[in-house]
Amino acid sequence: MRITISKTDCSRLVRHTPSDDVAFRPGEGVRGKRVAPADVPGSGAGAIPNLVPDVLEIPINIKPMQGKAYATHGLDDTTSQLGIVRYDITKNTFTFNGEPMGGADQQALAEACAKRGVR
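Everything quoted here is computed from the prediction, not taken from an experiment.

Caption draft 1: A look at helix H3 (residues 103–115). For H3, built from 13 residues, the straight-helix expectation of 18 Å at 1.5 Å per residue is met to within 8% by its first-to-last C-alpha distance of 19 Å. Of the residues trailing H3, Gly 117 is marked for its positive phi of about 90°.

Caption draft 2: Summary view of the sheet that holds strand E1 (residues 55–62). Spatial ordering of the open sheet is given by E1-E2-E3-E4, a layout of four strands whose pairing is antiparallel. If you trace the sheet from one side to the other, it starts and ends with E1 and strand E4 (99–100), each paired once. The pairing of strand E3 (residues 93–96) with E4 spans two bridges and is antiparallel. Directly across from Phe 96, in E4, lies its bridge partner Glu 99.

Caption draft 3: Representation of the pairing of strand E2 (residues 80–88) within the structure. As paired strands, E1 and E2 are joined by eight bridges and run antiparallel to one another. Bridge pairing in E2 places Ile 62 opposite Ser 80. One ladder, built from four bridges, connects E2 with E3; its direction is antiparallel. Counted as the bridge partner of Asp 88 is Thr 93 from E3.

What counts and what doesn't
- Residues numbered from 1 in each chain as written.
- Predicted model: local features only at pLDDT ≥ 70, side-chain atom pairs only at ≥ 80, totals over all residues.
- Heavy atoms only, no water.
- Helix = DSSP H or I, 4+ residues; strand = E, 2+ residues; numbered from the N terminus.
- Expected span 1.5 Å × (residues − 1).
- Pairing = 2+ DSSP bridges.

Structural data, given as structure tokens:
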């Protein structure tokens, strides 16, 4: 079986990695000139500690019995949890029910997309 992935598909599936020349440089403006720092006392990450947790958890639920046939029996609000997606912000990784998402398949896809000019 042969699967064809277009450049548009690749741009949706592969995470963009910006070039080093566009990285933020403290104290430097857009055109390379020195600028005053934006930090002021009481600002920054320390100003609002623990606003966002290191790991975000997203439960994946379905309602398998939605519809009129089930509503008459009070079953239309039944919920079933398929699993939990966890995003570790510090590691920039995703897992589904504890299993890594991406991995070797994601790497192979990225390599195939790179051959098509999408990075």
